[in-house]
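Given next are the chains, with one letter for each unit.
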Amino acid sequence: IKKFSVSLFESQQLVKVVFMENYLTSGWMDYATCGTSKVGGFAKPKALYCNATEYNQKSEKFRVSYLVHEAQHYADYKKFKNLDSFALEYRAKLAEIIASRRTTRKLISLFQSQSSKKRHSYHSYAAHKIIENLGSSVKMESIIIRKKAELLLLSDSENRKRTGFKSL
């Protein structure tokens, strides 16, 4: 167990991360994809849980795609009650883009490849909505993509406050 102070676009979060190792199974995703895709971790209201074998803790992948992503969930659990899974993923993926530096274009490519209009697949649908909402910005410089992601996250927060936190 380690504690991290995570800088998010809208807040600072102190989070407890439980690093998991030596488990019997890596879960259904690992099984279904013959080991090519695994869950990196997840957030609960009291702590974040990390598949320790998936990350180098010094990498931007860990800092952005795990720590920032899951800390955004953690913050949203406190800030907004009853967000659906799609909304949680949409906001966490935007937070990843905002926090990225060397990996911004790689994240955009990943989200484009994951994108699906099927709302029941909330990770893929969140990726689809992000690419759709970024529009032509996805072809611009990384700094412009990050600025647009900041505007999207701010707009989402404001809309949720104004509308009683309804999903997109």
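Residues numbered from 1 in each chain as written. Predicted model: local features only at pLDDT ≥ 70, side-chain atom pairs only at ≥ 80, totals over all residues. Heavy atoms only, no water.

Q: Teacher, can you tell me more about the packing of aromatic side chains here?
A: Aromatic rings in a pair are described by how distant their centres are and how their planes are angled relative to each other. Counted under the stated rule, the structure contains 9 aromatic pairs. Aromatic side chains phenylalanine 42 and tyrosine 49 sit 5.1 Å apart centroid to centroid with 15 degrees between the ring planes, which places their arrangement in the stacked category. (Phe/Tyr/Trp six-rings, centres within 6.5 Å; stacked < 30°, edge-to-face > 60°.)

Q: For this particular structure, what's the right way to read helix H5 (residues 122-134)?
A: A rise of 1.5 Å per residue sets the reference length of H5, with its 13 residues, at 18 Å; its end C-alpha atoms lie 18 Å apart and thus fit the reference within 8%. All of the buried residues in H5 are Ser124, Tyr125, Ala126, Ala127, His128, Lys129, Ile130, Ile131 and Leu134. Just downstream of H5, glycine 135 is the residue with a positive phi angle, here 55 degrees. (Helix = DSSP H or I, 4+ residues; strand = E, 2+ residues; numbered from the N terminus. Expected span 1.5 Å × (residues − 1). Buried < 20%, exposed > 50% of the residue type's maximum accessible area, 1.4 Å probe, protein only.)

Q: How do you make sense of the nonpolar core when you look at a structure like this?
A: In globular proteins that are soluble, nonpolar side chains generally tend to be buried together. Judged by nonpolar contacts, the single largest core of 39 residues is most densely connected at Val15, Val17 and Leu67. Where this core is concerned, the elements lending two or more residues are strand S1 (2-7), strand S2 (12-20), strand S4 (48-51), helix H2 (60-79), helix H3 (85-99), helix H4 (104-114), H5 and helix H6 (142-163). A per-element tally of this core places H2 first, with 8 residues. Excluding residues within four positions of it along the chain, leucine 67 makes contact with Phe4, Val6, Val15, Val17, Leu48 and Phe62. (Core = buried A, V, L, I, M, F, W, Y, C linked by side-chain atoms within 4.5 Å. Contact = heavy atoms within 4.5 Å.)

Q: Help me understand the pattern of salt bridges, please; the structure alone is not making it clear to me.
A: Side-chain pairs of opposite charge can arise whenever the charged atoms involved come near each other. As enumerated under the stated definition, the model contains 10 salt bridges in all. For the salt bridge of aspartate 156 with arginine 91, the shortest nitrogen-to-oxygen distance reads 2.7 Å. Taken together, the positions of aspartate 156 in helix H6 and arginine 91 in helix H3 put the pair 65 residues apart, joining distant regions of the chain. For arginine 91, a relative accessible area of 0% gives the class buried. Across the salt bridge formed by arginine 160 and aspartate 156, the nearest N and O atoms sit 2.7 Å from each other. With a gap of 4 residues between them, arginine 160 and aspartate 156 both fall in helix H6, about one helical turn apart. Of the two residues, arginine 160 and aspartate 156, both sit in the buried class. The structure contains a network of salt bridges with shared partners spanning Glu10, Asp76, Lys79, Arg91, Asp156 and Arg160. (Salt bridge = Lys/Arg side-chain N within 4 Å of Asp/Glu carboxyl O.)

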